[in-house]
Amino acid sequence: AQRVTQPEKLLSVFKGAPVELKCNYSYSGSPELFWYVQYSRQRLQLLLRHISRESIKGFTADLNKGETSFHLKKPFAQEEDSAMYYCALSRSTDKLIFGTGTRLQVFP
Amino acid sequence: GAGVSQSPRYKVAKRGQDVALRCDPISGHVSLFWYQQALGQGPEFLTYFQNEAQLDKSGLPSDRFFAERPEGSVSTLKIQRTQQEDSAVYLCASSSRTANTGELFFGEGSRLTVL
């Protein structure tokens, strides 16, 4: 069965520190991986997709098929990065499967 | 409208009552999804529509849950004889693509509390 695991419920860092939010998945085929973000009092929105290979708001994520991981990274955290982050998996024509989420708190 | 609109935003129901949650997707979006998000959990898939056709309802937890999208636009999620375990935020999302490539646009959700 497909599953997405985010082992950390809460990650707290100081402004300017590096951030890595962990995501591991289980899926036998070739999945599409995503990171969604929910800022306080806002709706859930797409942050980035692995196939785009892009950096959004300074965040990047690399798909590691050997380790079945898709960790989200940012070299220097900002206070405005504080939010709930969800890793999600999709087969090409199927629904998104979400992890349980990690709350990132960035302190000044 | 500018985004996915859901109503009501908050609903309190007594156990055993029926509730109906409405989703108004982005105009022209073909795909519509319903998710259930319990406290402290990630969104869990409930059902998926492509236009008016319900292509996947594998996530509906019981036959008390029913969803429809009769004209391929607005969708309604109905929960009959609500139970306390139905308390959650119900999220609706839409997409312009027929295949789910992950670019979902979410509504703000309907928070259901069953007493």
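The notes below deal with the structure included here. (Residues numbered from 1 in each chain as written. Chains lettered and ligands numbered in written order. Predicted model: local features only at pLDDT ≥ 70, side-chain atom pairs only at ≥ 80, totals over all residues. Heavy atoms only, no water.)

**Thoughts on the interface of chain B and chain A**
Using the following cut-off: A contact between two residues is defined here by any heavy atoms of the two lying within 4.5 Å. We count a salt bridge whenever a side-chain nitrogen from Lys or Arg sits within 4 Å of a carboxyl oxygen from Asp or Glu. Pairs of N or O atoms are called polar contacts if they sit within 3.5 Å, as long as, within protein, a hydrogen donor faces a hydrogen acceptor (for residues adjacent in sequence, only side-chain-to-side-chain pairs). Going along the chain from the N terminus, every DSSP run of H or I of four or more residues is numbered as a helix, and every run of E of two or more is numbered as a strand.
Each partner contributes to the interface: chain B provides 22 residues, whereas chain A provides 19 residues. Across the pair Arg-43 of chain A and Glu-108 of chain B runs a salt bridge whose closest N-O atoms are separated by 3.7 Å. Where chain B packs against chain A, one counts seven residue pairs in polar contact (both at pLDDT 80 or more). At three residues, strand 4 (residues 31-37) of chain B tops the list of elements feeding residues into the side of chain B that touches chain A.

**Description of the pairing of strand 5 (residues 32-38) of chain A**
Residues and elements named next belong to chain A. Formally: Think of it in three bands: residues with accessible area under 20% of the maximum for their type are buried, residues over 50% are exposed, and the middle band is partly exposed, with areas taken using a 1.4 Å probe on protein chains only. One bridge is not enough; two strands pair if DSSP finds at least two bridges between them.
Burial of strand 5 is extensive: six of the seven residues sit out of reach of the surface. Pairing of strand 5 with strand 9 (residues 83-90), which is carried by seven bridges, proceeds in the antiparallel orientation. Bridging from a neighbouring strand, Gln-38 pairs with Met-84 of strand 9. Of the pairings in the sheet, the one linking strand 5 to strand 6 (residues 45-49) comprises four bridges and is antiparallel in character. Note on strand 6: the bridge partner recorded for Tyr-36 is Leu-46. Hairpin remark: strand 5 followed by strand 6, antiparallel, with six residues in the connecting loop; positive phi at Arg-41, about 65°.

**Points about the state of the cysteines**
Residues and elements named next belong to chain A. Selection criterion: Note on terminology: pairs of cysteine sulfur atoms within 2.5 Å are recorded as disulfides.
Per the stated rule, a full pass over the model turns up two disulfides over all chains. One disulfide bridge connects Cys-23 with Cys-87, the sulfur atoms lying 2.0 Å from each other. Where Cys-23 bonds to Cys-87 through sulfur, the torsion about that S-S bond is close to -65°, and the disulfide is left-handed. Taken together, the residues span a long stretch of sequence, with Cys-23 in the loop between strand 3 (19-21) and strand 4 (24-26) and Cys-87 in strand 9 at a distance of 64 residues. In this structure Cys-23 comes out as buried when scored by relative accessible area, which is 0%.

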